[in-house]
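Read off the chains here:
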Amino acid sequence: KTAEITNEVFNINSTPFPPAQALIEVFGYSRGMDLYSLMESEIKEAVAAREKAEEANHAKSMFVAMMSHELKTPLTAIKGYGQILTDPKNSISMLKVNEIAEQIVNNSNNLQEIIESVLRFSQLETGKYSTETSQIALNSFIEKFVSSFVKRNNLSENHLSVVSPNESASLNIDISALHHILQN
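Residues numbered from 1 in each chain as written. Predicted model: local features only at pLDDT ≥ 70, side-chain atom pairs only at ≥ 80, totals over all residues. Heavy atoms only, no water.

A. Region of the structure containing the overall build of the protein chain. Scanning the protein chain from terminus to terminus reveals 6 helices and 2 strands. Listing each helix as α and each strand as β along the protein chain from the N terminus yields α-α-α-α-β-α-β-α. With 184 residues in all, the protein chain has 18% of them scored as buried. Excluding contacts between residues fewer than 6 apart, the proportion of contacts in the protein chain whose partners are at least 24 apart in sequence is 63%. If you sum the accessible surface of the protein chain, you get close to 13500 Å²; carbon and sulfur atoms cover 57% of it. (Helix = DSSP H or I, 4+ residues; strand = E, 2+ residues; numbered from the N terminus. Buried < 20%, exposed > 50% of the residue type's maximum accessible area, 1.4 Å probe, protein only. Contact = heavy atoms within 4.5 Å. Areas by Shrake-Rupley, 256 points an atom, 1.4 Å probe, with all protein chains shown as cover.)

Okay, structure coming up:
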């Protein structure tokens, strides 16, 4: 009978909690209610821990799916450009070869940034991330970013309008973190 009571009491799927009557019959009213309260508390904690673990598992799955997509995109571009360059049937001008090589470098840089972002995220999670600030000229940074953005997205300068601040404006900032924020 004790095994039956134990199985019934520790079934956290019971709705809402196992009956206290079985504990009262075995241990008496006072001790039975104390045990019931303790088990009720333990059951609530176990359910909460299970729900938290399920949420963490879902978040991990979402992260892995997102990272898979983020990594595959530049890898696919690099592979495709490499196949174009190595296909003996293609007769490509040197100008086109240079454009393709530039795209390979850009996609390789994007891939490297993604991997560095994952490492940075890991450092944030473990509390080991530290910022490295430096002073940058804001206009120069904006010009470089816009130029890179235009090239990366195959846009013409006519599609993008940027109003830059005063020539002497500068920022003291973690440039790596700023690049990451702007590219994502």
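B. View of the packing of aromatic side chains. Scanning the entire structure with this criterion turns up 1 aromatic pair. Centroid distance Phe 141 to Phe 145: 6.4 Å. Interplanar angle 15 degrees. Geometry classified as stacked. Of this pair, Phe 141 and Phe 145 are both found in helix H5 (residues 138-152), 4 residues apart, which corresponds to roughly one turn of the helix. Overall, Phe 145 belongs to the buried group, its relative accessible area being 18%. (Phe/Tyr/Trp six-rings, centres within 6.5 Å; stacked < 30°, edge-to-face > 60°.)

C. Representation of the environment of Ser 168 in the model. Assignment of secondary structure puts Ser 168 in the loop between H5 and strand S2 (170-174). Using a relative accessible area of 58% as the deciding quantity, one classes Ser 168 as exposed.

D. Structural detail: the layout of surface pockets. Of the voids in this model, the second largest pocket is the one considered here, and its volume is about 220 Å³. Along the walls of the second largest pocket sit 12 residues, with Asn 106, Asn 109, Asn 110, Ser 148 and Arg 152 positioned nearest its centre. Put simply, the parts of the chain that give the lining of the second largest pocket at least two residues each are helix H4 (94-126), H5 and helix H6 (175-183). Among the residues forming the lining of the second largest pocket, the class breakdown is 1 nonpolar, 6 polar and 5 charged. (1 Å grid on protein atoms, 1.4 Å probe; cavity = no way out; pocket = protein on both sides within 12 Å on 5 of 7 lines; lining within 4 Å. Points joined across faces, edges and corners; volume = space filled by probe spheres on them. Nonpolar A, V, L, I, M, F, W, Y, C, P; charged D, E, K, R; others polar.)

E. Highlighting the nonpolar core. In terms of nonpolar packing, the biggest core is built from 6 residues, these being Ala 20, Leu 23, Ile 24, Leu 35, Tyr 36 and Met 39. Elements that contribute at least two residues to this core include exactly helix H2 (21-27) and helix H3 (29-86). Tallying contributions element by element places H3 first for this core, with 3 residues. Leaving out residues up to four positions away in the same chain, Ala 20 has contacts with Met 33 and Tyr 36. (Core = buried A, V, L, I, M, F, W, Y, C linked by side-chain atoms within 4.5 Å.)

F. A look at the pattern of salt bridges. Applying the stated criterion across every chain yields a total of 1 salt bridge. As a salt-bridge pair, Glu 99 and Lys 96 come within 3.6 Å of each other at their nearest N and O atoms. Taken together, the residues span about one helical turn, with Glu 99 and Lys 96 both in helix H4 at a distance of 3 residues. Using a relative accessible area of 39% as the deciding quantity, one classes Glu 99 as partly exposed. (Salt bridge = Lys/Arg side-chain N within 4 Å of Asp/Glu carboxyl O.)

G. Spatial organisation of H5. The terminal C-alpha atoms of H5, which comprises 15 residues, lie 21 Å apart, in line with the 21 Å expected from a rise of 1.5 Å per residue. Among the residues of H5, those classed as buried are Leu 138, Asn 139, Phe 141, Ile 142, Phe 145, Val 146 and Val 150. Viewed along the axis of H5, the buried residues span an arc of 160 degrees, placing them on a single side of the element. Across H5 from its buried face, at more than 90 degrees, point the exposed residues Glu 143 and Lys 144. (Expected span 1.5 Å × (residues − 1). Arc of directions from axis to C-beta.)

So, to be careful, I would describe these as geometric facts and stop short of saying anything about function.
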